[in-house]
Amino acid sequence: MYTGNLLGFGLAVSSSAFIGSSFIIKKKGLQRAGACGTRARSGGYGYLLEPLWWIGMLTMVVGEFANFIAYIYAPAVLVTPLGALSIIVSAVLAHFLLNEKLRRMGILGCVLCIVGSTVIVLHAPAEHSISSVEEIWDLATQPTFLLYTASAIAVVMVLVLYCEPRYGQTNMLVYIGVCSINGSLTVMSVKAIGIAIKLTLEGSSQVASYQTWIFVMVAVTCIITQLNYLNKALDTFNTAVVSPIYYAMFTSFTILASAIMFKDWSGQSASTIISVLCGFMTVLSGTMILHSTREPDQQPVSDMYSSLSPQISWIVHANGEIWKHKDNDESCPEVVAIIQPDHFK
């Protein structure tokens, strides 16, 4: 393995460890913030005042920075699939710290994700050499990639404006879809920024190039959107399920965007393409297994009975009938039990 690839490999592995841990730390912060205010899934932003959430954010930033540097020294086909390691980290930590049980089938799903990622790494096509930001700009403005970008923006708008109000609380693919589609555009922009930084450090400054700043603005916009909807996904659904599905969708859209923009599959043999497709199928099978083993989040008891009026008691008759008893009602037939709202708190 070349020195650059070895350095990129080490950075990608470290990035996965940090990012996987950040999922758990951020969710702990979201839970603390939700316990004393409006939860993120309901549009609340109280987590911004929670130190633990910011520690998770810092952990994620460190992981993303390591991932960013890895893209400079190693091809995307090596760096991106290694994100599967963050699935294992988050699933194991969630098992011990969040009491989100990872059962045997869940472990099998994680193993399948790793095996599929390994196959992708071994058979992924080589990345084309890029020598300038202008060259990436030419690739980004070709008609096929412009069509992909327009389609991605349209799908995100539909998910945000139509699907989220109706299905966001019950279907995790709404939130994760927004994150993943934005993520594919983020990686393309980050790759361009990485090349600009590398060329600048080598003596060929790219700071004055307007294309560099366009890529920076696109990356910042997409990252902010990803963070917002990833928070909602983590606060609404099981972490051990969110992580692998997010990885699978993000990787799939990223490879698709890269194939359209950089034409990665040009000149590749049929066996190489089939091997990569088999790797993806293995990863997706692992995510399906993890999804099938998902445990529904437990609703707090106080929330389940918060709708009961404090002025009404629920009286259980000896004959099994149940009726409401108001505080000012003096009649009191034979009863078995009187249950008041405070009983459930």
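The name recorded for the chain in an unreviewed UniProt entry is Probable magnesium transporter, from Deinandra increscens subsp. villosa. UniProt annotates the chain under Sequence similarities (unreviewed entry) with the comment "Belongs to the NIPA (TC 2.A.7) family." Its UniProt record gives the chain a comment under Function (unreviewed entry), which states: "Acts as a Mg(2+) transporter. Can also transport other divalent cations such as Fe(2+), Sr(2+), Ba(2+), Mn(2+) and Co(2+) but to a much less extent than Mg(2+)."

A. Region of interest: the overall build of the chain. In terms of regular secondary structure, the chain is built from 12 helices and three strands. Burial analysis of the chain (345 residues in total) assigns 45% to the buried set. Contacts spanning at least 24 positions in sequence make up 76% of the contacts within the chain whose residues lie at least 6 apart. Surface accessibility of the chain: about 17,700 Å² in total, with carbon and sulfur atoms responsible for 66%.

B. Expanded view of the side chain of S184. Inspection of the secondary structure puts S184 in helix α8 (residues 172-201). S184 gets classed as buried once you look at its relative accessible area, which sits at 0%. A polar contact is formed between the side chain of S184 and the backbone oxygen of I181, at a distance of 2.7 Å. Apart from the residues lying within four places of it in its own chain, the contact partners of S184 are Y148, F250, F253, T254 and A257.

C. Local environment of the environment of L230. Here L230 shows up in helix α9 (residues 210-236). Measuring from C-alpha to C-alpha, the distance between L230 and S180 comes to 9.6 Å, with 50 residues separating the pair along the chain. L230 has contacts with F23, K26, M60, C179 and V242, leaving out every residue within four places of it along the chain.

D. Representation of the packing of aromatic side chains within the structure. In this structure the tally under the stated criterion is six aromatic pairs. Ring plane angle 75° and centroid distance 5.9 Å describe the contact between W137 and F215, whose orientation is recorded as edge-to-face. Pair noted here: W137 is in helix α6 (residues 133-140) and F215 is in helix α9, with a separation of 78 residues, a long-range link. A relative accessible area of 21% places W137 in the partly exposed class. One residue, K232, lies across the ring of Y229, its end atom 4.9 Å from the ring centre.

E. The pattern of salt bridges, seen in detail. Applying the stated criterion across every chain, the model contains one salt bridge. With a closest N to O distance of 2.8 Å, E164 and K232 form a salt bridge. Taken together, the positions of E164 in helix α7 (residues 143-167) and K232 in helix α9 put the pair 68 residues apart, joining distant regions of the chain. Look at E164 and you get buried, because its relative accessible area is 16%.

F. A look at the packing of helix α2 (residues 51-73) against α8. Direction vectors running N to C along α2 and α8 enclose 65°, while the axes themselves pass 9 Å from each other. Classified by the angle between their axes, α2 and α8 sit roughly perpendicular to one another. Where α2 crosses over α8, the two elements pack in a sense that is right-handed. Mapping the contact onto sequence places F68, Y71 and I72 in α2 and V187, V190, K191, I193, G194, I197 and K198 in α8. Across the contact of α2 with α8, the residue classes tally to seven nonpolar, one polar and two charged.

G. Representation of the packing of α7 against α8 within the structure. One can describe the packing of α7 onto α8 by two numbers: an axis separation of 9 Å at closest approach and a directional angle of 155°. The angle between α7 and α8 places the two elements in the roughly antiparallel class. Remark: the crossing between α7 and α8 carries left-handed chirality. Of the residues in α8, those in contact with F145, Y148, T149, A152, V155, V156, L159, V160, C163, E164 and Y167 of α7 are V174, Y175, G177, V178, I181, N182, S184, L185 and M188. Taken together, the residues of the contact of α7 with α8 sort by class into 15 nonpolar, four polar and one charged.

Calculation notes
- Residues numbered from 1 in each chain as written.
- Predicted model: local features only at pLDDT ≥ 70, side-chain atom pairs only at ≥ 80, totals over all residues.
- Heavy atoms only, no water.
- UniProt positions renumbered as here; feature names shortened; annotations may be inferred.
- Helix = DSSP H or I, 4+ residues; strand = E, 2+ residues; numbered from the N terminus.
- Buried < 20%, exposed > 50% of the residue type's maximum accessible area, 1.4 Å probe, protein only.
- Contact = heavy atoms within 4.5 Å.
- Areas by Shrake-Rupley, 256 points an atom, 1.4 Å probe, with all protein chains shown as cover.
- Polar contact = N/O pair within 3.5 Å; in protein donor to acceptor, adjacent residues only side chain to side chain.
- Phe/Tyr/Trp six-rings, centres within 6.5 Å; stacked < 30°, edge-to-face > 60°.
- Lys NZ or Arg CZ within 6 Å of the ring centre and 35° of its normal.
- Salt bridge = Lys/Arg side-chain N within 4 Å of Asp/Glu carboxyl O.
- Axes fitted to C-alpha atoms, helices over the stretch in contact; angles between N-to-C directions.
- Parallel < 35°, antiparallel > 145°, perpendicular 65-115°, else oblique.
- Left-handed = near helix turned anticlockwise from the far one by under 90°.
- Nonpolar A, V, L, I, M, F, W, Y, C, P; charged D, E, K, R; others polar.

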